[in-house]
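# Breakdown of the fold
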Amino acid sequence: MLSRTPLQEIACQQVMIADASVFSVQWTTLPTTTVGVFSAEEMLYRYLHYIKKCTLTLIRPVILESSIEFRLIGTELSLISFWPPVHTDNFATVPIRGGFLVQPHRRARGEFRFGVEPEPIPGRIRISLQLSDFYPSILGGKSPSPIRFWIYRITQATLHRLVAIRFLSLLYHELSGCSAGVRVVKIAIQVGKPV
């Protein structure tokens, strides 16, 4: 009798909300016993390392005293930059500071949040990535044209979702020791237009 390979479920939602900002969340759960002392701060730094690795160093996260910048290789161009992390018990949050991929008049809005928190189900822990109040420069403003929305959807939105899912899959494997297949589950937290 063949044994079934376990499936790792990754919950996912990406939407453009009414003010044309983007909300994106992905999470997975693990047994508490496999996570150990893993923290949201450690998750953030693993993510920065993962970005450099998965982009073959084309994008280099640079940690400065006053910011974290995702720079294009061989340049000082910051694709997106964040203020230093703010840490709470279950989260490490980096507020968006600016960058080429962010609308100039909305640079100081939004955040990227890394979470490691108890699940409502006893014995489980949730690891999550959440981007909120992000105003991509591709969208242009409060009323993006259909072509701008389509370009954003097939480029930046698709890349962000793919990177987030692969990162959570890698973390699941590293923390649990289990090489599971992945099933992406659509969820609805925010009301908005799917991207």
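On a predicted model such as this, the values are computed, not experimentally measured, just so you know.

## Thoughts on the overall build of the chain
Looking only at helices and strands, the chain has three helices and eleven strands in total. When the helices and strands of the chain are listed from N to C terminus, the series reads β-β-α-α-β-β-β-β-β-β-β-α-β-β. Taken over C-alpha atoms, the radius of gyration comes to 17 Å for the chain, in line with the 16 Å a tight globule of 195 residues would show. The proportion of buried residues among the 195 residues of the chain is 45%. For the chain, long-range pairs separated by at least 24 residues make up 56% of all intrachain contacts whose partners lie at least 6 apart in sequence. Of the roughly 10,600 Å² of accessible surface on the chain, 60% is carried by carbon and sulfur atoms. For the chain, the separation between the mean place of its 21 positive charges and that of its 13 negative charges on side chains is 11 Å.

## Details of the packing of aromatic side chains
Aromatic ring pairs are described here by two measures, namely the spacing of the ring centres and the angle between the planes. This structure, assessed with the given rule, holds seven aromatic pairs. A ring pair is formed by F70 and F82, whose centres lie 5.8 Å apart and whose planes are at 70 degrees; its orientation type is edge-to-face. Residue F70 is found in strand 4 (residues 68-72), and its partner F82 is found in strand 5 (residues 78-82); the two are separated by twelve residues along the sequence. For the pair formed by F70 and F82, the shared burial category is buried. Through pairs of rings, three or more aromatic residues link up here, namely Y47, Y50, F70, F82, F112, F114 and F167. Here the guanidinium or amino end of R113 rests over the ring plane of F91, the centre of that ring lying 4.1 Å away. A cation sits over an aromatic face here: K193 above F149, 4.1 Å from the ring centre.

## Brief notes about the nonpolar core
Ranked by size, the top nonpolar core spans 44 residues in total, and within it M43, Y47, F114 and L129 carry the most contacts. Per-element tally for this core: the top contributor is helix 3 (residues 146-176), with eleven residues. Setting aside its immediate chain neighbours within four residues, Y47 contacts F70, F112, F114, L129, V163 and F167. Core analysis: the second largest hydrophobic core is formed by six residues, A11, V15, I17 and V25 among them.

## Considerations on unusual backbone geometry
Its identity is not glycine, yet L56 carries a phi of approximately 55 degrees, on the positive side. Note on placement: L56 falls in the loop between helix 2 (40-54) and strand 3 (59-63). The exposure class assigned to L56 is exposed, which follows from its relative accessible area of 71%. Even without glycine at this site, D133 takes up a positive phi of about 55 degrees.

## So, the side chain of S128
The topology assignment puts S128 in strand 9 (residues 124-134). When its relative accessible area of 5% is taken as the criterion, S128 is described as buried. Those residues in contact with S128, other than ones at most four positions away along the chain, are Q26, W27, M43, R113, F114, G115 and E117.

What counts, and at which threshold
Residues numbered from 1 in each chain as written. Predicted model: local features only at pLDDT ≥ 70, side-chain atom pairs only at ≥ 80, totals over all residues. Heavy atoms only, no water. Helix = DSSP H or I, 4+ residues; strand = E, 2+ residues; numbered from the N terminus. Rg over C-alpha atoms; globule rule 2.2 N^0.38 Å. Buried < 20%, exposed > 50% of the residue type's maximum accessible area, 1.4 Å probe, protein only. Contact = heavy atoms within 4.5 Å. Areas by Shrake-Rupley, 256 points an atom, 1.4 Å probe, with all protein chains shown as cover. Lys, Arg positive; Asp, Glu negative; His and termini not counted. Charge placed at Lys NZ, Arg CZ, Asp CG, Glu CD. Phe/Tyr/Trp six-rings, centres within 6.5 Å; stacked < 30°, edge-to-face > 60°. Lys NZ or Arg CZ within 6 Å of the ring centre and 35° of its normal. Core = buried A, V, L, I, M, F, W, Y, C linked by side-chain atoms within 4.5 Å.

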